[in-house]
Amino acid sequence: MRLLPWQQDNWQQLMRQWQQLPHALLLTGPHGIGKAAFAEQLAASLLCERPRDDHLPCGACQSCHWMLQNSHPDFRVLRADEEEDKDKPRKLAQIKIEAVRDLIDFAHLSAHRSGRRVVMIDPADALNMAAANALLKILEEPPEGVHFLLSSDHPHALLPTLRSRCRVFPLSMPDWQQALQWLDQQGVKQADAELALAGGAPFALDDAELVKQREVLLKVLLSPSVLGILDVAQQLDRARLPFAIPLAWLDKWLHDLAVVRYQRPARFYPNYTAALQGLAERISPIALMQFHDQLQQRLPFGQHTLNLRLQLEAILLAYAALFPSLSH
Ligand SMILES: [Zn+2]
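Just so it is clear, the structure is predicted and the values come from calculations on it, not from any experiment. (Residues numbered from 1 in each chain as written. Predicted model: local features only at pLDDT ≥ 70, side-chain atom pairs only at ≥ 80, totals over all residues. Heavy atoms only, no water.)

Enquirer: Honestly, empty space enclosed by the protein in this entry has me stumped. Any pointers?
Expert: Over the atoms, a rolling probe the size of a water molecule traces out where space has been left empty. Tallied over the full model, the rule gives one cavity of 30 Å³ or more. Roughly 40 Å³ of volume is contained in the largest cavity. The wall of the largest cavity is formed by Leu21, Pro22, His23, Ala24, Leu25, Leu42, Leu46, His147, Phe148 and Leu149. Elements with a contribution of two residues or more to the lining of the largest cavity: β1 (24-28), α2 (35-47) and β4 (146-152). (1 Å grid on protein atoms, 1.4 Å probe; cavity = no way out; pocket = protein on both sides within 12 Å on 5 of 7 lines; lining within 4 Å. Points joined across faces, edges and corners; volume = space filled by probe spheres on them. Helix = DSSP H or I, 4+ residues; strand = E, 2+ residues; numbered from the N terminus.)

So this is what it looks like as structure tokens:
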């Protein structure tokens, strides 16, 4: 377990307030920048029996050993429940009240080692209303020695009372080169292109399965045809993707179609700049804007999983209609 290279400044910043560290910290910043990794590092540090001068965990004591084994009895992580049932479409994951109740029991136990206990909630956005209210009660009267580390991509969507019980600690966007180097070390293929598509957030990269689905979609975006669209919609439907995922790919594609028109390089799909330029020349700017509006209206409904195939077909046919010269 190590501090991520782009989190050094944030760590220094936290070190300066070490003596006044609040019992609840809310780590904020865009999705995929490593908030959970930072929280884990901080948890290890709070629990370490011989922390270093810079407050980083020693990596050698019993507590650090437990952390590395993911078996620390004084550390509890609450994550959103993933829908494991393969026959069901992927749903928006939630943290439910039962999980928070268990956590409250845990927080009231006495600590095994250092006298401290650490609770991590990742992401706090996933708490449903009942769970958030239950958590609020314990944050209002926190047991001695318990630290709560929450993280959130959308802190303004949290219950305001919950947010106000935490000290907000924004984490920095990764430096591009550092992120790229780190991804290379992790063995990520095409790290450049993948990091670009993820908007520079190294933990938001598409996994291998998603990359495959994305390639399928890109093929039809590059060369739209009715038959191709029907085929893609069927394939992505079979992969049970939430509509939000292809919508986000398409949204970024549209962004790039708009910028290449002004001779600027594609931001999300840099490897496709030339192809995007070729496509952009065939589309009227007004039609592109109207299609963009149409897409924006659908984005909020992206977690709906009903009729993915029909929804995809509709939006991709509208995309194809941007090219008047399209042969059917
Ligand atoms: Zn240690």
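Enquirer: How do you make sense of the nonpolar core when you look at a structure like this?
Expert: Taken as a class, soluble globular proteins show a tendency for nonpolar side chains to be buried jointly. By size, the foremost hydrophobic cluster in this structure holds 40 residues, and its most contacted members are Trp253, Leu257, Leu316 and Tyr319. Only α9 (208-222), α10 (226-238), α11 (244-260), α12 (273-280), α13 (285-298) and α14 (308-320) provide two or more residues apiece to this core. Ranked by the residues each element gives to this core, the list is headed by α11, at eight residues. Tyrosine 319 has contacts with Val220, Leu221, Pro224, Leu250, Trp253, Leu257, Leu279 and Phe291, leaving out every residue within four places of it along the chain. (Core = buried A, V, L, I, M, F, W, Y, C linked by side-chain atoms within 4.5 Å. Buried < 20%, exposed > 50% of the residue type's maximum accessible area, 1.4 Å probe, protein only. Contact = heavy atoms within 4.5 Å.)

Enquirer: Sorry if this is basic, but what is going on with the coordination of the zinc ion here?
Expert: Geometrically, a metal with four donors at the corners of a regular tetrahedron has ideal angles of 109.5 degrees, and one with six donors at the corners of a regular octahedron has ideal angles of 90 or 180 degrees. For the zinc ion, every protein donor is listed as Cys48 (SG), Cys58 (SG), Cys61 (SG) and Cys64 (SG), and the spread of their distances is 2.2 to 2.4 Å. Coordination at the zinc ion is tetrahedral: its four donor atoms span angles of 104 to 115 degrees at the metal. Sequence spacing among the residues donating to the zinc ion works out to C-x9-C-x2-C-x2-C. Judged by relative accessible area, which is 26%, cysteine 58 ranks as partly exposed. Looking at cysteine 61, the relative accessible area reads 2%, which means it is buried. (Donors = N, O, S within 2.8 Å, 3.2 Å for Na, K, Ca; no water. Tetrahedral: all angles 85-135°; square planar, octahedral: opposite > 155°, others 65-115°.)

Enquirer: Teacher, can you tell me more about the packing of aromatic side chains here?
Expert: Aromatic ring pairs are defined here through the distance separating the ring centres and the angle between the ring planes. In the structure shown here, the tally under the stated rule is 10 aromatic pairs. Look at tryptophan 6 and tryptophan 182: their rings are 5.5 Å apart centre to centre, the planes differ by 90 degrees, and that puts the pair in the edge-to-face class. Pair noted here: tryptophan 6 is in the segment before α1 (8-16) and tryptophan 182 is in helix α7 (residues 176-185), with a separation of 176 residues, a long-range link. Given the relative accessible area of 15%, tryptophan 182 is considered buried. Ring geometry for tyrosine 269 versus tyrosine 272: centroids 6.3 Å apart, planes at 80 degrees, classification edge-to-face. The class for tyrosine 272 is partly exposed, based on a relative accessible area of 23%. An aromatic cluster is built from Trp11, Trp18, Phe38 and Phe169, whose rings are joined through pairwise contacts. Lying across the ring of phenylalanine 106, arginine 117 places its NZ or CZ 4.3 Å from the centre. (Phe/Tyr/Trp six-rings, centres within 6.5 Å; stacked < 30°, edge-to-face > 60°. Lys NZ or Arg CZ within 6 Å of the ring centre and 35° of its normal.)

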